[in-house]
Number of protein chains: 2
Amino acid sequence: MSVLVVGSVALDSVETPFGKADEVLGGSATFFSASASHLTPVQLVGVVGHDYPMDRLRALADRGVDLAGLQRDEGLSFRWRGRYRHDLNAAETLETHLGVFSHFRPQIPEQFRSAPFVFLANIDPRLQLDVLSQVDRPRLVACDTMNFWIESRRPELLQLLERVDLITLNDAEARQLTEQSNLVRAARWIMDRGPSHVIIKKGEHGAFMFTRDSIFFAPAYPLESVFDPTGAGDSFAGGFMGYLTAHADEIDDVHLRRAMAYGTAVASYNVEGFGTERVARLTAGEISDRVAELARITHFEDAPIELRA
Amino acid sequence: MSVLVVGSVALDSVETPFGKADEVLGGSATFFSASASHLTPVQLVGVVGHDYPMDRLRALADRGVDLAGLQRDEGLSFRWRGRYRHDLNAAETLETHLGVFSHFRPQIPEQFRSAPFVFLANIDPRLQLDVLSQVDRPRLVACDTMNFWIESRRPELLQLLERVDLITLNDAEARQLTEQSNLVRAARWIMDRGPSHVIIKKGEHGAFMFTRDSIFFAPAYPLESVFDPTGAGDSFAGGFMGYLTAHADEIDDVHLRRAMAYGTAVASYNVEGFGTERVARLTAGEISDRVAELARITHFEDAPIELRA
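In this text, all values refer to a predicted model and were calculated from it rather than measured experimentally.

Engineer: So what exactly am I meant to see when it comes to the environment of A21(A) here?
Structural biologist: Residue and element names in this part refer to chain A. Mapped onto the secondary structure, A21 falls in strand β3 (residues 19-26). Residue A21 is classed as buried on the basis of its relative accessible area of 9%. Counting along the chain gives 66 residues from A21 to D87, while the straight-line C-alpha distance between them is 18 Å. When neighbours within four sequence positions are excluded, A21 is seen to be in contact with D12, S13, V14 and F274.

Engineer: Help me understand the pairing of strand β10 (residues 166-170) of chain B, please; the structure alone is not making it clear to me.
Structural biologist: For a regular strand, side-chain orientation follows a simple rule: the groups alternate between the two sheet faces. Residues and elements named next belong to chain B. For β10, the tally of buried residues reaches four of five residues, placing the bulk of the element in the interior. Looking at chain direction, strand β9 (residues 140-144) and β10 are connected through three bridges and run parallel. Bridged to A142 within β10 is L166. Pairing geometry for β10 and strand β11 (residues 197-201), over five bridges, is parallel. Looking across to β11, one finds that L169 is bridged to I200.

Engineer: Just to check I follow, could you spell out the pattern of salt bridges for this structure?
Structural biologist: Oppositely charged side chains can form a pair if their charged atoms are brought close together. For the structure shown, the criterion picks out 38 salt bridges over all chains. Here E286(A) ties to R278(A) by a salt bridge, and the two come within 2.9 Å at their closest N and O atoms. Judged by its relative accessible area of 23%, E286(A) is partly exposed. The residue R139(B) makes a salt bridge to D249(B) at a minimum N-O spacing of 3.1 Å. On the criterion of sequence distance, the pair formed by R139(B) in the loop between α3 (125-134) and β9 and D249(B) in the loop between α8 (232-246) and α9 (253-270) is long-range, its members being 110 residues apart.

Engineer: What is the right way to look at helix α7 (residues 183-191) of chain B in this model?
Structural biologist: For an α-helix the count is 3.6 residues per turn, leaving residues at separations of three or four pointing the same way. All names here are of chain B. In terms of residue burial, α7 counts as a mostly covered element, since seven of its nine residues are buried. L183, V184, A186, A187, W189, I190 and M191 are the residues of α7 that are buried. Looking at the buried positions of α7, the neighbouring elements they touch are α5 (154-161), β10, α6 (171-178), β11 and β12 (207-211). Its side-chain oxygen 2.9 Å from the backbone nitrogen of V184, N182 forms the N-cap of α7.

Engineer: What exactly am I supposed to notice about the sheet that holds strand β6 (residues 78-84) of chain A here?
Structural biologist: The strands making up a sheet associate through backbone hydrogen bonding, with each pair oriented either parallel or antiparallel. All names here are of chain A. With respect to topology, four strands assemble into an open sheet ordered β3-β2-β6-β7, the strand pairing being mixed. Looking along the sheet, the strands with just one partner apiece sit at the ends: β3 and β7 (91-97). Sheet twist, expressed as the mean angle between neighbouring strand axes with direction ignored, is 15°. Packed on one face of the sheet, helix α1 (residues 28-36) meets β2 (10-16) and β3 and runs near 85° to β3.

Engineer: How should I be thinking about the sheet that holds strand β3 (residues 19-26) of chain B in this particular structure?
Structural biologist: Residues and elements named next belong to chain B. Strand order across the open sheet formed by four strands is β3-β2-β6-β7, with mixed pairing between neighbours. Because the sheet does not close on itself, it has two edges, and the strands there are β3 and β7 (91-97). Recorded for the sheet is a direction-independent mean angle of 15° between the axes of neighbouring strands. When strand β2 (residues 10-16) meets strand β6 (residues 78-84), the two strands line up parallel, connected through six bridges. Looking at β6, one finds that V14 is bridged to G82. Running at roughly 85° to β3, helix α1 (residues 28-36) makes contact with β2 and β3 of the sheet.

Engineer: Please explain the interface of chain B and chain A as it appears in this structure.
Structural biologist: A common way to report how large an interface is uses the accessible area buried once the components associate. The interface of chain B with chain A comprises 54 residues on the first partner and 54 residues on the second. Summed over both partners, the interface of chain B with chain A comes to about 4800 Å²; 55% of that surface belongs to carbon and sulfur atoms. The three residues of chain B that bury the most area against chain A are E224(B), F300(B) and R308(B), which together make up 16% of that side's buried surface. On the surface where chain B and chain A come into contact, there are four salt bridges. With a closest N to O distance of 2.3 Å, R188(B) and E224(A) form a salt bridge. Applying the counting criterion to the chain B and chain A interface returns 20 residue pairs in polar contact (both at pLDDT 80 or more). Only α7, β13 (214-218), α9 and α11 (284-298) of chain B provide two or more residues apiece to the side of chain B that touches chain A. Tallying contributions element by element places α11(B) first for the side of chain B that touches chain A, with ten residues.

Engineer: Quick question: what am I supposed to make of the packing of aromatic side chains here?
Structural biologist: For any pair of aromatic rings, geometry is given as the distance between the ring centres together with the angle between the planes. In this structure the tally under the stated criterion is 23 aromatic pairs over all chains. Relative to F101(A), the ring of F78(A) lies with its centre 5.0 Å away and its plane at 10°, an arrangement referred to as stacked. Linking F78(A) in strand β6 with F101(A) in the loop between β7 and β8 (117-120), this pair joins segments that are 23 residues apart in sequence. Of the two residues, F78(A) and F101(A), neither departs from the other in class, the shared state being buried. Of the aromatic side chains, those joined through ring pairs into one cluster are F208(A), F210(A), F217(A), F208(B), F210(B) and F217(B).

Engineer: Where do I start with the side chain of T230(A) in this structure?
Structural biologist: Residues and elements named next belong to chain A. You can see T230 is positioned in the loop between β13 (214-218) and α8 (232-246). Among the residues examined, T230 registers a relative accessible area of 9% and is labelled buried. There is a polar contact of 2.9 Å between the side chain of T230 and the side chain of Y84. In contact with T230, not counting residues within four places along its chain, are D12, V14, F31, W80, Y84 and N270.

Engineer: Help me understand the packing of α1(A) against α8(A), please; the structure alone is not making it clear to me.
Structural biologist: To characterise two packed helices, one gives the angle between the axes of the helices and the distance between these axes. Residue and element names in this part refer to chain A. Running from amino to carboxyl end, α1 crosses α8 at an angle of 40°, the nearest separation of the two axes being 7 Å. On the basis of their axis angle, the class for α1 and α8 is oblique. Considering only the axes of α1 and α8, their crossing is right-handed. Across the interface between the two elements, S28, F31, F32, S35 and A36 from α1 touch D234, S235, A237, G238, G239, M241 and G242 from α8. Residues that form the contact of α1 with α8 fall into these classes: five nonpolar, six polar and one charged.

Engineer: How should I be thinking about the pairing of strand β9 (residues 140-144) of chain A in this particular structure?
Structural biologist: All names here are of chain A. When you tally the buried positions in β9, you get five out of five residues, the bulk of the element. The alternating pattern of β9 places L140, A142 and D144 and V141 and C143 on opposite faces, both of which are buried. One ladder, built from four bridges, connects β8 with β9; its direction is parallel. When the bridges of β9 are listed, F117 appears paired with L140. With helix α3 (residues 125-134) bridging β8 and the parallel β9, this β-α-β connection has right-handed handedness.

Engineer: Can you walk me through unusual backbone geometry in this structure?
Structural biologist: With glycine set apart, most residues show a phi of negative sign, and most peptide bonds adopt trans. Although it is not a glycine, E23(A) adopts a positive phi angle of roughly 50°. With respect to the helices and strands, E23(A) occurs in strand β3. Judged by its relative accessible area of 30%, E23(A) falls in the partly exposed class. The residue E179(B) is not glycine, and still its phi comes out positive at about 55°. Within the secondary structure, E179(B) sits in the loop between α6 and α7. Among the residues examined, E179(B) registers a relative accessible area of 69% and is labelled exposed.

Rules of the game
Residues numbered from 1 in each chain as written. Chains lettered and ligands numbered in written order. Predicted model: local features only at pLDDT ≥ 70, side-chain atom pairs only at ≥ 80, totals over all residues. Heavy atoms only, no water. Helix = DSSP H or I, 4+ residues; strand = E, 2+ residues; numbered from the N terminus. Buried < 20%, exposed > 50% of the residue type's maximum accessible area, 1.4 Å probe, protein only. Contact = heavy atoms within 4.5 Å. Pairing = 2+ DSSP bridges. Salt bridge = Lys/Arg side-chain N within 4 Å of Asp/Glu carboxyl O. Polar contact = N/O pair within 3.5 Å; in protein donor to acceptor, adjacent residues only side chain to side chain. Axes fitted to C-alpha atoms, helices over the stretch in contact; angles between N-to-C directions. Buried area = accessible area lost by both parts, 1.4 Å probe. Phe/Tyr/Trp six-rings, centres within 6.5 Å; stacked < 30°, edge-to-face > 60°. Parallel < 35°, antiparallel > 145°, perpendicular 65-115°, else oblique. Left-handed = near helix turned anticlockwise from the far one by under 90°. Nonpolar A, V, L, I, M, F, W, Y, C, P; charged D, E, K, R; others polar. Right-handed = clockwise from strand over helix to strand, strands pointing away.

Written out as structure tokens, the structure is:
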């Protein structure tokens, strides 16, 4: 079973306190695919310019990412240049050249339309809605978004919420969207507008998954060296959706929680290298080691005790 | 078995977005005692001025907090006035009047000197060291500290580290003390200087407990309303040390992790009211409900899966 992702495919140039990389693979659909492909086949829909180094996507194709939905348009590819200083949670954008991405109009290939799992990465909510009009009733639709769309496309984003099962967004975006500073209230506000599952990502502080009757929390995997945080959120989404797609017939609270752990584990590798280079060479053992370690990190045995209260 | 706490006893005036309180019970030893007393008897050493409303400490005494070590000196009591705005993680200090606390010289009463568990709350490291010279070999000594001492009493603080089993400090303090921005490295730096256990508190983002061979993480209990964060750290320490003292004969990784959950649960109640008022009327059921909920929030079942990696 496959997961369909619609999002950006870019070339990133990144500077961190630990190094510098020029024109490495970037974009939400790229990070998502590189991560999800360790767990399930992926169908990618995106756009690149005539200048995109297509040979560098071969590694993705070899891992089972179907690139039939990757349009090549006349014009330049989406390029982003950014810098992280001491605070690795905050990227400073130096340059953004949208190129062909500014006219992106997702065309879902015929053979992708029956994808049971769909991830609408961070693009204009009008395009996210348009994708939903092109696919047959998926079992699970998840979306991401960002501050720019929350501000400029609020009505369309609210319309989208009615049509997705799950949304991933970071804490600042959740607060901005809902005007609730408290995340428990913010999650409820969102669930009241459609999604049954709300994942609020807090970067190095981990991620919450809220449902109408439960809260799950996964801490970020404690790393000694974070090299480049770019793409962590999309990599998390890839691990999460990849796991769910691979367990399509048994989706329940147990699997959703484990999917959070897989997302966390894969994202922790993503930030250990520039672009997708670390995730690209992940082994099965590496992923399951970190999932197991995450289980140990938060585990404690509850037992009734004698209280003086 | 008792836990001995040495720290401040103050009167706090606090303004938050949700209300205002004048001269409520405050101070590290007070928050610690109110919390720990739900789990174990407490011996408090501190100082107040002649103006302190002693009758308001009666509730603590009734709960098993031995106040024989609370000195009453000539002069005014320690008063703190602070404000929290939108960001409840950051207190803005409006006024600090140390009063008699500025000359505090802890005198450990004879009958407290054999306390098996000692918590050196946030006071001058020279006084923390002095307390250790007054007690018989405790089984476990824990300390707290703050930015002011890290800057002004670094040599004494490093000397103290050699003599404590456990330290609690927040993430900013850990980074300041160790000059390591990464918390895993910061914790190792501290352990290399003495303590076998390092608890790094991240406020609303939870707390880590590092040992030489394991990492445990407890998220903050997800509350819908945080009323007043003052004292959360000392309340956490009280629940943590209170649990350990009540399980003095069986301290191991299982109990240390559970102690983190008790600290987290009690602290979550502390921030639901001004001063100690919410913790003072805690019931046994309320504490264990939140400990059980914390276990559910982070629990996931790991299981081997078929990876494509």
